[in-house]
Amino acid sequence: MFLDKLNHYIVHHPLFIMLASLVAVIAFGYALPTTQITSDFEEFFPKDDPTMVAYHELQQTYTNVDNALFVVAPKSGVVFSQETLSVIAEMTEAAWQLPYSQRVDSITNFQHTIAEEDDLLVEDLVVDPANATEEELEAAKQIAINEPQLLNRLISPNAQVTGINVIYNFHQQEHKDVAIVEVVQASRNYLKTFENKYPNMNFYLVGKVMNNNAFKEATLYDMKTLVPLAFLFALFCIAFFMYLVSGSIITSFTGTFVTLVVIITSIVVGMGGMAWLG
């Protein structure tokens, strides 16, 4: 009985129903966030979430896990050469200038301990790569591929690929997602500089910071390409089938336009409702 009265009211008061629907869409649309898509996974968790609190305490006690790994693969296939190690040393030094960089690790600045009689000497694994002898290079190679802290982390078992690992500190940043974008851009420019300078080497960029930013970039790319294509394909199908049924171009056009309005308003109400609910 109630549904019959509701249907009767809707049919006989179309202007009021359309106005009320428009107000509802505006109200739900007002709740839509104006900020950009975040690149920080922590945005999906409340700040007082016990797991996130423990995660932050772990990082503050030990070390950050926000990193970027700059992978270097010389086309010669030889990492432990004067040329390659000189490039690694240069990149290691330059990486300290990246924004928010807290620590830089590579095979050249790895702190290797040497025992001389009763003394323990700690120094870089490769002190002067440009002037290192073949014996020194071979000795450094053997140390690196047998060192658990380096093997499969900063050096491959066959010593053909190496990396520079940069740890970033975002603890003091109120908007971590903005800082991540800044770091990604700076890291890409940094890598581009060495790609142009040393064409005889291949460079790659991976790491947690790059992974976090990739979700944002992939989403934006889909919104610019796949979503418009999906809309166009759906509207084309609607217009085509409406024309087959009605035989009228005007009916096909108006019906497709109304369908598009329904789709857009449904998205606005759905996303706005989720935003109002937090």
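Everything in this summary refers to the structure shown in the same document. In this text the structure is predicted, and so the values were computed from the model without any measurement.

### Some thoughts on the overall build of the chain
Here is step 1: Along the backbone of the chain there are nine helices and six strands.
Here is step 2: The C-alpha atoms of the chain give 29 Å as radius of gyration, which overshoots the globular expectation for 278 residues (19 Å, by more than 25%).
Here is step 3: In terms of principal-axis extent, the alpha carbons of the chain reach across some 100 × 45 × 30 Å.
Here is step 4: Burial statistics for the chain: of 278 residues in total, 31% are counted as buried.
Here is step 5: Considering only contacts within the chain whose residues lie at least 6 apart along the sequence, 68% involve residues at least 24 apart.
Here is step 6: Only carbon and sulfur atoms are counted for the fraction: they give 64% of the accessible area of the chain, which is about 18,300 Å².
Here is step 7: Put simply, the chain has 13 plus and 30 minus side-chain charges, and the middle of one group is 14 Å from the middle of the other.

### Side note on the side chain of N109
Here is step 1: Summarising the element assignment, N109 is placed in the loop between β2 (101-105) and β3 (111-116).
Here is step 2: From its side chain, N109 meets the backbone nitrogen of S106 in a polar contact 2.8 Å long.
Here is step 3: Not counting chain neighbours up to four residues away, the residues in contact with N109 comprise T92, V104 and D124.

### Some remarks on the sheet that holds strand β6 (residues 201-206)
Here is step 1: Pairing within the open sheet is antiparallel, and its four strands lie in the order β2-β5-β1-β6. The outermost strands of the open sheet, each flanked by one partner alone, are β2 and β6. Sheet twist, expressed as the mean angle between neighbouring strand axes with direction ignored, is 15°.
Here is step 2: Relative to β6, strand β1 (residues 67-74) is paired through six bridges, and the arrangement is antiparallel. Along β6, the bridge assignment pairs F70 with L205.
Here is step 3: Helix-sheet contacts for helix α4 (residues 82-95) involve β1, β2, β5 (162-168) and β6, and the interaxial angle to β5 is about 5°.

### Examining the packing of helix α1 (residues 2-12) against helix α2 (residues 14-30)
Here is step 1: As a packed pair, α1 and α2 sit with axes 5 Å apart at the nearest point and diverge in direction by 95°. Taken together, the axis directions place α1 and α2 in an arrangement best described as roughly perpendicular. On the side of α1, the interface is formed by Y9, I10, V11 and H12, while α2 contributes P14, F16 and I17.
Here is step 2: Residues of the contact of α1 with α2, tallied by class, amount to six nonpolar, one polar and no charged.

### Notes on the nonpolar core
Here is step 1: Residues F70, F80, M91, I155 and Y168 are the most contacted members of the largest nonpolar core, which totals 43 residues.
Here is step 2: When contributions to this core are tallied by element, the ones reaching two or more residues are β1, α4, α5 (134-145), β5, α6 (176-197), β6 and α7 (208-224).
Here is step 3: In this structure F80 touches L85, I107, L137, A140, K141, A144, I155 and A159, once residues within four positions along its chain are discounted.

### Points about the packing of α4 against α6
Here is step 1: Packing of α4 against α6 brings their axes to within 11 Å, and their N-to-C directions diverge by 155°. Taken together, α4 and α6 sit at an angle that is classed as roughly antiparallel. Seen along the crossing, α4 lies across α6 with a hand that is right-handed. Residues E90, M91, T92, A94 and A95 of α4 form the contact with α6, whose participating residues are Y190, L191, F194 and K197.
Here is step 2: Partitioning the contact of α4 with α6 into residue classes produces six nonpolar, one polar and two charged.

### Things to note about a negative patch on the surface
Here is step 1: A surface patch of like charges, here negative, comprises D128, E134, E135, E136 and E138.
Here is step 2: In this structure, E134 sits in helix α5.
Here is step 3: On the basis of relative accessible area, E134 is assigned to the exposed category, the value being 62%.

### Quick notes on the environment of A95
Here is step 1: Along the chain, A95 turns up in helix α4.
Here is step 2: The spatial distance from the C-alpha of A95 to the C-alpha of V122 is 22 Å, given a sequence separation of 27 residues.
Here is step 3: Once you skip the residues sitting within four places of it in the chain, A95 turns out to touch S101, V104, V166 and Y190.

### Some thoughts on a nonpolar patch on the surface
Here is step 1: Together, F236, F240, F241, Y243, L244, V245 and I249 make up a nonpolar patch on the protein surface, roughly 820 Å² of accessible area in all.
Here is step 2: Take the nonpolar patch: its biggest share by element is six residues, from helix α8 (residues 226-246).
Here is step 3: Mapping F241 onto the fold places it in helix α8.

Definitions and limits used
Residues numbered from 1 in each chain as written. Predicted model: local features only at pLDDT ≥ 70, side-chain atom pairs only at ≥ 80, totals over all residues. Heavy atoms only, no water. Helix = DSSP H or I, 4+ residues; strand = E, 2+ residues; numbered from the N terminus. Rg over C-alpha atoms; globule rule 2.2 N^0.38 Å. Buried < 20%, exposed > 50% of the residue type's maximum accessible area, 1.4 Å probe, protein only. Contact = heavy atoms within 4.5 Å. Areas by Shrake-Rupley, 256 points an atom, 1.4 Å probe, with all protein chains shown as cover. Lys, Arg positive; Asp, Glu negative; His and termini not counted. Charge placed at Lys NZ, Arg CZ, Asp CG, Glu CD. Polar contact = N/O pair within 3.5 Å; in protein donor to acceptor, adjacent residues only side chain to side chain. Pairing = 2+ DSSP bridges. Axes fitted to C-alpha atoms, helices over the stretch in contact; angles between N-to-C directions. Parallel < 35°, antiparallel > 145°, perpendicular 65-115°, else oblique. Nonpolar A, V, L, I, M, F, W, Y, C, P; charged D, E, K, R; others polar. Core = buried A, V, L, I, M, F, W, Y, C linked by side-chain atoms within 4.5 Å. Left-handed = near helix turned anticlockwise from the far one by under 90°. Patch = residues over 30% accessible without salt bridge, like charges linked within 9 Å, V, L, I, M, F, W, Y side chains within 5 Å. Salt bridge = Lys/Arg side-chain N within 4 Å of Asp/Glu carboxyl O.

Everything listed here is a matter of coordinates, which is why it stays silent on function.
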